[in-house]
Amino acid sequence: YDGEPLGETFWDNVVLVGDVAHPTTPHCFRNTNMSILDAAVLGKCIEKWVAEKLESALEEYQFIRLPVTSKQVLHARHLGRGETRD
C-alpha cells in the first residue's frame, strides 16, 4: 500500500523505472506520467553519456529523477491519508 521513497534507483547496470522506482498510492494519478518521464530522462542520459559511460548516465538519471519522484511518493501518501500540507 505504501512505501518510503527510495534512496537509489540503480545498482550496477540495473535501473528501476516506473512504479517499482516510485510506488505511489493512486491518489495523484501520476504513475503513468512518471513512468514515461523516467524512460525519457533515462534515454536522454544514455544518449548524452553514450554506452561507454553507462555509470555516469545512470548517476545523472538518478540525480534528476530521484528528488522529483520522492516528493511525489510523499505527496500521494499525504493525500491518501487525508492530510493537508502547506
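Residues numbered from 1 in each chain as written. Predicted model: local features only at pLDDT ≥ 70, side-chain atom pairs only at ≥ 80, totals over all residues. Heavy atoms only, no water.

Turning next to unusual backbone geometry. Of note, aspartate 12 is a non-glycine position whose phi angle comes to about 55 degrees, a positive value. Tracing the backbone through its elements, the reader meets aspartate 12 in the loop between strand 1 (10–11) and strand 2 (14–15). (Helix = DSSP H or I, 4+ residues; strand = E, 2+ residues; numbered from the N terminus.)

A few words on the side chain of glutamine 62. Looking at the element boundaries, glutamine 62 is found in helix 2 (residues 54–80). If sequence neighbours within four positions are ignored, glutamine 62 has contacts with Glu8, Thr9, Phe10 and Pro67. (Contact = heavy atoms within 4.5 Å.)

Per the counting criterion, the structure on display carries three salt bridges. The shortest N-O distance in the salt bridge between aspartate 38 and arginine 65 comes to 2.7 Å. With a gap of 27 residues between them, aspartate 38 in helix 1 (residues 31–49) and arginine 65 in helix 2 connect regions that are remote in the sequence. On the accessibility criterion, aspartate 38 (0% relative accessible area) is buried. On the basis of relative accessibility, which here comes to 6%, the residue arginine 65 falls in the buried class. In this structure, lysine 44 engages glutamate 47 in a salt bridge whose closest nitrogen and oxygen atoms are separated by 3.7 Å. (Salt bridge = Lys/Arg side-chain N within 4 Å of Asp/Glu carboxyl O. Buried < 20%, exposed > 50% of the residue type's maximum accessible area, 1.4 Å probe, protein only.)

What follows is about the nonpolar core. The biggest cluster of nonpolar side chains holds seven residues, and these are Phe10, Val41, Leu42, Cys45, Ala57, Leu58 and Tyr61. Those elements that place two or more of their residues in this core are helix 1 and helix 2. Sequence-distant contacts of tyrosine 61, defined by excluding residues within four places in its chain, comprise Thr9, Val15, Leu16, Val17, Asp38, Val41, Leu42, Cys45 and Leu66. (Core = buried A, V, L, I, M, F, W, Y, C linked by side-chain atoms within 4.5 Å.)

Next up on the list: the confidence of the model for the chain. A residue-level look at the chain finds 86% of positions with pLDDT of 70 or above and a mean pLDDT of 82. Helix 1 is the least confidently modelled element of the chain, averaging 87 in pLDDT, while strand 1 averages 90, the highest of any element. (pLDDT = per-residue confidence, 0-100.)

Within the fold, threonine 69 resides in helix 2. Separated by 45 residues in the primary sequence, threonine 69 and threonine 24 place their C-alpha atoms 9.0 Å from one another. The residues contacting threonine 69, other than those within four sequence positions of it, are His22, Met34 and Asp38.

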